[in-house]
Amino acid sequence: MNFTRWSARLPGTQRRTAAAQAAIKARARSAGTSGSGSDDGNGTTRRGGAAGGTADGEAEAGGGEPPAGPTAAPAAAPPATSGSDRPALPGRAAHPHDDVPDNPTVPAARSRPPAAAEAGSPAGPGAETAPDSVPAPASGPGREAAPGREAAPGTGAGAGAGGDAEAGAGTASDEAGWQRRRAIDALPVRALLGEVPALAAVVHGPEHRIAFVNDAYSRVFGPRPTGAAAREALPELVELGLLPLMDQVRRSSRPRTVKSRRVPPQQGAPGGRRRPGYYTFTCTPISTSGDSGVLIFAADVTDQVEAAERLRASERRQREAAVTLQRSLLPQELEQPDDLRVAATYQPGGTDAAVGGDWYDVITLGAGRTALVIGDVMGRGVRAAAVMGQLRTAVRAYARLDLPPHEILQLLDGLAAEIDASQIATCVYAVHDPNEGCLSYASAGHVPILVRDADGTVLRATEHTGPPLGTGGWLHTSGSLPLPEGATAVLYTDGLIERRDADIDEGVAALEHAFAGATGSPDIVCDRLLRALGITEDHDDDVALLVFQHPARTGPDAELFHNAALDLLGGTEAAPRARAFASGVLASWRFPTELRDLGVLAASELVANSLQHGTPPMRLLLRRTDRRLIIEVTDGDDHLPRRCRAEPGDEAGRGISIIATIASAWGSRRTPGGGKSVWCEFALPGGR
């Protein structure tokens, strides 16, 4: 296949080809006017019905130069041939591009300035024209300029000495500029594509037979034979999956582009890569009256792809560091209270989302009470995770004070403003007391707690909510929710329910609906809630979820949990009554003798301390779980005891020291009614 026919459709070449055809037809019409021949439309003139004459032959038969005047014929045209002086094939009509030389130019030469035309192109019949330019007939009355070329100033009717003077007024700079433009315009298509640093190839026909490949293509993939089908001769395009795309481009006549296709190392090519490269391929349709083809253009984008990959790798490393920091600041293993079953999960946002500041925690407070915390630092990245870690540490420290939930949040509010005034956080702090069967809580701008009863009814905590931590100027308050045996509660962050296209209340309602039917252990409830709310690895926000249950125990498990209480009104008989009550209860619970004696001693010391430093009414509470024995005494005075060193001669001040020595743990707290509670614990042998 002649490459000229395919390259003739490239931009610029079309204009040159059209100009050449128009000039040939004009010469044929002029020849037909001066002689008795006829033009067959292909640049060949027939005279007197005899075939085979050309325009040049007609001029010679006329006996000299064409006549002058308005109808004078232009310079003789070269013989019309197909390709490089090839005769037309037998039985084949002459193609409109057959007169284009094998070395076409892109685009046609621009009009020469008047000075250049006067100096370098003599006018007149028979003047020869450059092979790469389109000959223009002399201007005159009734004569049009050649298509694609502007008429030179000073030509036409009335142009004479004045026109010659204007032509001679051109400068040397005009001539030099015209020569440079003409040199670029006359650059052959093969040379033009050959100089392009990008990969270029031209194919034609339904089998995409090769018409041309440039040097850049050959350096990367090796030389390719002209005329061979692409499926056999261009295996690299087959591997890249471009053949179906080329078929589509040829059928639709619309260009298509595929970006950043990976090209494996080409060991056999003279300039092949030793490492993989990336190219963006653009397939552009080329059409003629007889066939159609595709121009394949490939730009090397390896540097851009590798730079983008390095950037993505850096972002991945930064995100992994933030996720590692986030997870290291969360509890590595949740504490499991005696009276609750607890499970939690944390899922960072998708790969396109920065890590946030979500956190949760479970803190055992002693005497069977448990603090459950969840929070969310507003913001993203390492900074938010660092602030979260400081707040979580502060919560654990404040929890040791065993303060009411609203006082814990009040302390956190001031601390958050000191850590970073530009960062705010939401938080819920809740305390479960198995003796009361309730959940006391306080919220700082956080989403509400949900509690589900054993019958499936879901209760939403909507009261006792203040502004987020770090805002200051607000007095938080505590509320209470029932959490009887068989109830389940869930704490969560807004990433679980918040969506960009819906109101947050709709998300809470969807969570309530899913929570009402999510039965099973806390681990199972966590998984079901995540699936019901559509949380996947690509979710655009962090999600923290904390689920805890107060199980209803029956059978052998129920025998491991007991409560016993005695109200004391004070007086000298209070201590003996407390010792007798403790001894009988511990004996009924089948404790070993040593543990029973330690329990009776601890109850006696706590009651004696309350009689001396507290006020009635007093209450002695004994509680056992599957892990520990708890002894607790409450009274009406809010003065908390502290451990001190007693001198040898002191008759008092040794009670708390004795408790701290014999018990596994002890502590005290203020009660909501204005009194206090002092307690101690003993670990049971073989306790889980």
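Keep in mind the model is a prediction, meaning the values are calculated, not measured.

What counts as what
- Residues numbered from 1 in each chain as written.
- Predicted model: local features only at pLDDT ≥ 70, side-chain atom pairs only at ≥ 80, totals over all residues.
- Heavy atoms only, no water.
- Helix = DSSP H or I, 4+ residues; strand = E, 2+ residues; numbered from the N terminus.
- Buried < 20%, exposed > 50% of the residue type's maximum accessible area, 1.4 Å probe, protein only.
- Contact = heavy atoms within 4.5 Å.
- Areas by Shrake-Rupley, 256 points an atom, 1.4 Å probe, with all protein chains shown as cover.
- Axes fitted to C-alpha atoms, helices over the stretch in contact; angles between N-to-C directions.
- Parallel < 35°, antiparallel > 145°, perpendicular 65-115°, else oblique.
- Left-handed = near helix turned anticlockwise from the far one by under 90°.
- Nonpolar A, V, L, I, M, F, W, Y, C, P; charged D, E, K, R; others polar.
- Lys, Arg positive; Asp, Glu negative; His and termini not counted.
- Salt bridge = Lys/Arg side-chain N within 4 Å of Asp/Glu carboxyl O.
- Polar contact = N/O pair within 3.5 Å; in protein donor to acceptor, adjacent residues only side chain to side chain.
- Phe/Tyr/Trp six-rings, centres within 6.5 Å; stacked < 30°, edge-to-face > 60°.
- Pairing = 2+ DSSP bridges.
- Expected span 1.5 Å × (residues − 1).
- Core = buried A, V, L, I, M, F, W, Y, C linked by side-chain atoms within 4.5 Å.
- pLDDT = per-residue confidence, 0-100.

Engineer: Before we move on, could you go through the overall build of the chain and cite the residues and values that matter?
Structural biologist: When helices and strands are counted, the chain shows 19 helices and 23 strands. Residues counted as buried form 43% of the 688 residues belonging to the chain. Within the chain, contacts between residues at least 6 apart in sequence are counted, and of these 64% link residues at least 24 apart. Surface accessibility of the chain: about 34,000 Å² in total, with carbon and sulfur atoms responsible for 52%.

Engineer: An account of the packing of helix 15 (residues 504-516) against helix 16 (residues 522-532) is requested, with residue identities and associated values reported.
Structural biologist: Relative to each other, helix 15 and helix 16 sit at 135 degrees, their axes nearing to 10 Å. Compared by their axis directions, helix 15 and helix 16 come out oblique. Note that helix 15 runs across helix 16; the crossing there is right-handed. Across from Leu511, Ala514 and Phe515 in helix 15, the residues of helix 16 making contact are Val525, Leu529 and Ala532. Of the residues belonging to the contact of helix 15 with helix 16, the class tally is six nonpolar, no polar and no charged.

Engineer: Quick rundown of the side chain of arginine 452? Include the residues and the values.
Structural biologist: Among the structural elements, arginine 452 can be located in strand 13 (residues 450-452). Despite its burial, arginine 452 pairs with no opposite charge; the closest candidate is aspartate 455, at 7.6 Å N-O. A polar atom in the side chain of arginine 452 sits 2.4 Å from the backbone oxygen of alanine 518. Those residues in contact with arginine 452, other than ones at most four positions away along the chain, are Thr457, Val458, Gly486, Ala487, Thr488, Phe515, Ala516, Ala518 and Thr519.

Engineer: Describe the packing of aromatic side chains, with residues and values.
Structural biologist: Counting across every chain of the model gives three aromatic pairs. Relative to phenylalanine 221, the ring of tyrosine 217 lies with its centre 5.0 Å away and its plane at 45 degrees, an arrangement referred to as tilted. Remark: phenylalanine 221 and tyrosine 217 occur in helix 8 (residues 215-221); sequence separation between them is four residues, near one turn of the helix. Here the two residues tyrosine 217 and phenylalanine 221 agree in accessibility, since each one is buried. Their ring planes at 50 degrees and their centres at 6.3 Å tell us that tyrosine 279 and phenylalanine 281 sit as a pair that is tilted. Assessed through its relative accessible area of 3%, tyrosine 279 is described here as buried. The buried category is assigned to phenylalanine 281, whose relative accessible area is 0%.

Engineer: Report on the sheet that holds strand 6 (residues 277-287), specifying residues and quantitative values.
Structural biologist: Strand pairing in a sheet relies on backbone hydrogen bonds. The paired strands run either parallel or antiparallel. The five strands lie next to each other as 4-3-7-6-5, forming an open sheet whose pairing is antiparallel. Among the strands making up the open sheet, the edge pair consists of strand 4 (209-213) and strand 5 (256-263). The sheet shows a mean angle of 25 degrees between the axes of neighbouring strands, direction not considered. Both strand 3 (residues 199-204) and strand 4 contribute to a ladder of four bridges, which runs antiparallel.

Engineer: Describe helix 18 (residues 593-613), listing the residues and the values that go with them.
Structural biologist: Every α-helix winds through 3.6 residues per turn, so residues three or four apart in the chain are directed the same way. For helix 18, which comprises 21 residues, the first-to-last C-alpha distance of 30 Å matches the rise-based estimate of 30 Å (1.5 Å per residue) to within 8%. If you check which residues of helix 18 are buried, you get Leu595, Gly599, Val600, Ala602, Ala603, Ser604, Leu606, Val607, Asn609 and Ser610. Buried residues along helix 18 sit in contact with strand 19 (562-568), helix 17 (574-588), strand 20 (618-624), strand 21 (628-635), helix 19 (655-662) and strand 23 (676-683).

Engineer: I'd like to hear about the nonpolar core, residue by residue, with values.
Structural biologist: Counting residues in each nonpolar core, the largest one holds 51 residues, and the members touching the most others are Trp359, Tyr429 and Phe548. For this core, the element with the most residues is helix 13 (residues 381-399), which contributes seven residues. Here tyrosine 429 is in contact with Leu365, Ala371, Leu372, Val373, Val395, Ala399, Pro405, Ile408, Leu409, Ser440, Tyr441 and Ala442, once residues within four sequence places are set aside.

Engineer: Help me get a handle on the pairing of strand 7 (residues 292-300), residues and values and all.
Structural biologist: Examined bridge by bridge, strand 3 and strand 7 share six bridges and lie antiparallel to one another. Bridged to alanine 200 within strand 7 is phenylalanine 297. Direction of pairing for strand 6 relative to strand 7: antiparallel, over a ladder of nine bridges. Pairing of serine 287 across the sheet is with serine 292, part of strand 7. Joining the antiparallel neighbours strand 6 and strand 7 is a turn of four residues.

Engineer: Give me the lowdown on the sheet that holds strand 14 (residues 458-460), citing residues and values where you can.
Structural biologist: The strand order 8-18-17-13-14 describes an open sheet built from five strands, whose pairing is antiparallel. Looking at the sheet topology across the chains shown, the edges are occupied by strand 8 (341-347) and strand 14. Taking the axes of each pair of neighbouring strands and ignoring which way they run, one obtains an average angle of 15 degrees across the sheet. Relative to strand 17 (residues 487-492), strand 13 runs antiparallel, the two sharing three bridges. By the bridge assignment for strand 17, leucine 450 is matched with valine 490. Contacts between helix 16 and the sheet are confined to strand 8, strand 17 and strand 18 (543-550), with strand 18 contributing the most and set at about 140 degrees to the helix.

Engineer: For the confidence of the model for the chain, give the residues involved together with the corresponding values.
Structural biologist: Low-confidence regions, as indicated by low pLDDT, have predicted coordinates that should not be scrutinised in detail. Considering every residue of the chain, the mean pLDDT works out to 77; 72% of them sit at 70 or more. Segment residues 35-111 is flagged for pLDDT under 50; beyond a separation of four residues in sequence, or across chains, it makes 126 contacts in the model. Note that pLDDT drops below 50 for residues 114-169; the model gives that stretch 56 contacts with residues more than four away or on any other chain.

Engineer: Report on helix 15, specifying residues and quantitative values.
Structural biologist: For helix 15, spanning 13 residues, the distance from its first C-alpha to its last is 18 Å, which sits close to the expected 18 Å at 1.5 Å a residue. Along helix 15, the positions that sit buried rather than exposed are Gly507, Val508, Leu511, Glu512, Ala514 and Phe515. At its buried positions, helix 15 is contacted by strand 13, strand 14, strand 17 and helix 16. Between the side-chain oxygen of the N-cap and the backbone nitrogen of aspartate 505 there are 2.9 Å, and the N-cap of helix 15 in question is aspartate 503.

Engineer: Report on the pattern of salt bridges, specifying residues and quantitative values.
Structural biologist: This structure, assessed with the given rule, holds 20 salt bridges. Here aspartate 402 ties to arginine 369 by a salt bridge, and the two come within 2.6 Å at their closest N and O atoms. One end of the pair, aspartate 402, is in the loop between helix 13 and helix 14 (405-419); the other, arginine 369, is in strand 10 (residues 369-377), and 33 residues separate them in sequence. With a closest N to O distance of 3.3 Å, aspartate 567 and arginine 619 form a salt bridge. In this pair, aspartate 567 sits in strand 19 while arginine 619 sits in strand 20, placing the two residues 52 residues apart along the sequence. Under the relative-accessibility criterion, arginine 619 is labelled partly exposed at 39%. What emerges from the salt-bridge pattern is a single network uniting Glu335, Asp361, Arg392 and Arg396.

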